[in-house]
Amino acid sequence: MKLILLGAPGAGKGTMAKLLTAVDGSVQISTGDILRGAVTAGTALGKQIESLMKSGDLVPDDLIMGIMEQRLQEPDCEKGFLLDGFPRTIPQAEALKDLLERLGIELDMAVNLDVAREVVLDRLTTRRTCSNSECQAIYNVNSNPPRQEGVCDKCGSSVVQRDDETAEAISHRLETYAEKTAPLIGFYEREGLLLNVDAAGPSETVLAAISARLGTS
Ligand code: ADP
Ligand code: ZN
């Protein structure tokens, strides 16, 4: 499958992407994971974006498009991909449309994971992430804690609160979402690609709605 996952920070894009990869072997492409990996590795790119990310600002569109143009041409994308956290602005969505046309790739749909602001706020403040940039497993202190507190079930690295998950950075990310990313819902609706899903409930329900539309259930 070739999907875009839309939704506010904390809507469950990463969680859904991980579940969907298990359906047919499509790869999860998370720009947030790629960028955090660059920051941890201390690459030139990482140094350039570290402070932007920490404060909850977006990384410049041209930088993201450079990363995605390369990433979408890697062989593991042939089976399909789940775009998680990209596109995030109208210019990115327009550039992606051109890029996919050039590469001869057709999207199945853009899924909007719709969750109320209070739910998202609660999820973000209780979210914890594996510190290993190769893993980045996601936990929640209430609903999905690691078996041993502070230790990743999958890789044994420490499980931490992300730098951009302070109350201040979270509210800034939600504002950025409302201003820059929410307009993508209308964009994909006009493209005839939008599937709106109520994502407040359990992830199985969301997965079922997506599978039904794809015809894989
Ligand atoms: P979340 O969806 O939980 O907010 P992500 O892991 O997707 O978090 O992104 C974390 C940060 O990485 C963003 O706040 C932003 O700084 C940067 N980022 C990720 N994807 C993009 C993108 N497509 N365009 C610009 N910045 C991005
Ligand atoms: Zn881990």
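Conventions adopted
- Residues numbered from 1 in each chain as written.
- Chains lettered and ligands numbered in written order.
- Predicted model: local features only at pLDDT ≥ 70, side-chain atom pairs only at ≥ 80, totals over all residues.
- Heavy atoms only, no water.
- Near = heavy atom within 4 Å.
- Polar contact = N/O pair within 3.5 Å; in protein donor to acceptor, adjacent residues only side chain to side chain.
- Areas by Shrake-Rupley, 256 points an atom, 1.4 Å probe, with all protein chains shown as cover.
- Helix = DSSP H or I, 4+ residues; strand = E, 2+ residues; numbered from the N terminus.
- Nonpolar A, V, L, I, M, F, W, Y, C, P; charged D, E, K, R; others polar.
- Pairing = 2+ DSSP bridges.
- Axes fitted to C-alpha atoms, helices over the stretch in contact; angles between N-to-C directions.
- Buried < 20%, exposed > 50% of the residue type's maximum accessible area, 1.4 Å probe, protein only.
- Contact = heavy atoms within 4.5 Å.
- Donors = N, O, S within 2.8 Å, 3.2 Å for Na, K, Ca; no water.
- Tetrahedral: all angles 85-135°; square planar, octahedral: opposite > 155°, others 65-115°.
- Parallel < 35°, antiparallel > 145°, perpendicular 65-115°, else oblique.
- Left-handed = near helix turned anticlockwise from the far one by under 90°.

**A short note on the site of ligand 1**
- Lining the immediate surroundings of ligand 1 are 19 residues, of which Thr31, Arg36, Asp57, Arg127 and Arg173 lie closest.
- Here a nitrogen atom of ligand 1 sits 2.9 Å away from a polar atom, N or O, in the main chain of Gly85.
- In the complex, 96% of the free accessible area of ligand 1, which totals 550 Å², lies under the protein chains.
- Counting residues per element, the shell around ligand 1 draws most heavily on helix 2 (residues 31-41), at 4 residues.
- Considering only residue class, the shell around ligand 1 consists of 7 nonpolar, 4 polar and 8 charged.

**So, the environment of Thr205**
- Among the structural elements, Thr205 can be located in helix 9 (residues 203-214).
- Sequence separation between Thr205 and Asp108 is 97 residues; the distance between their C-alpha atoms is 19 Å.

**Considering the sheet that holds strand 3 (residues 81-84)**
- Across the sheet, which stays open at both edges, the 5 strands sit in the order 2-3-1-4-8 with parallel pairing between neighbours. In the strand order of this sheet, the two ends are held by strand 2 (27-30) and strand 8 (194-198), each with one partner. Across the sheet, the mean angle from the axis of one strand to that of its neighbour is 25 degrees, orientation sign disregarded.
- Across 4 bridges, strand 1 (residues 2-6) lies against strand 3 in parallel orientation. In the strand pairing of strand 3, Ile4 is matched with Leu83.

**Observations concerning the environment of Val141**
- Considering the arrangement of structural elements, one finds Val141 in the loop between strand 6 (138-140) and strand 7 (159-160).
- Taking relative accessible area as the criterion, Val141 reaches 41% and is therefore assigned partly exposed.
- Sequence spacing of Val141 and Arg127 is 14 residues, and the spatial spacing of their C-alpha atoms is 6.5 Å.
- Filtering out sequence-adjacent residues up to four positions away, Val141 remains in contact with Thr126 and Arg128.

**Overview of the coordination of the zinc ion (ligand 2)**
- Coordination of the zinc ion (ligand 2) by the protein comes from Cys130 (SG), Cys135 (SG), Cys152 (SG) and Cys155 (SG), over a distance range of 2.3 Å.
- One can describe the site at the zinc ion (ligand 2) as tetrahedral: its 4 donor atoms subtend angles covering 98 to 114 degrees at the metal.
- Between consecutive donor residues of the zinc ion (ligand 2), the sequence gaps follow C-x4-C-x16-C-x2-C. In this pair, Cys135 is assigned in the loop between strand 5 (127-130) and strand 6 and Cys152 in the loop between strand 6 and strand 7, connecting sequence segments 17 residues apart.
- Note on Cys152: relative accessible area 4%, which makes it buried.

**Details of the packing of helix 1 (residues 13-24) against helix 9**
- Contact geometry for helix 1 and helix 9: axes closest at 11 Å, N-to-C directions at 55 degrees. Of the possible angle classes, the one that applies to helix 1 and helix 9 is oblique. At the point where helix 1 passes helix 9, the crossing takes the right-handed sense. Mapping the contact onto sequence places Met16, Leu19, Leu20 and Val23 in helix 1 and Ser203, Val206, Leu207 and Ile210 in helix 9.
- Across the contact of helix 1 with helix 9, the residue classes break down as 7 nonpolar, 1 polar and no charged.

**Details of the sheet that holds strand 7**
- The sheet built from 3 strands is open, its strands ordered 6-5-7 with antiparallel pairing. The open sheet has two free edges, formed respectively by strand 6 and strand 7, since each of these has just one partner strand.
- Bridging between strand 5 and strand 7 involves 2 bridges; their strand directions are antiparallel. Of the residues in strand 7, the one forming a bridge with Cys130 is Val159.
- Along the sheet, helix 6 (residues 117-126) contacts strand 5 and strand 6; its crossing angle with strand 5, the most-contacted strand, is approximately 45 degrees.

**A word on unusual backbone geometry**
- The omega angle of the peptide bond from Phe86 to Pro87 is -5 degrees, so this bond is cis rather than trans.
- If you trace the backbone, Pro87 turns up in the loop between strand 3 and helix 5 (90-103).
- Although it is not a glycine, Gln136 adopts a positive phi angle of roughly 55 degrees.
- With respect to the helices and strands, Gln136 occurs in the loop between strand 5 and strand 6.
- On the accessibility criterion, Gln136 (4% relative accessible area) is buried.

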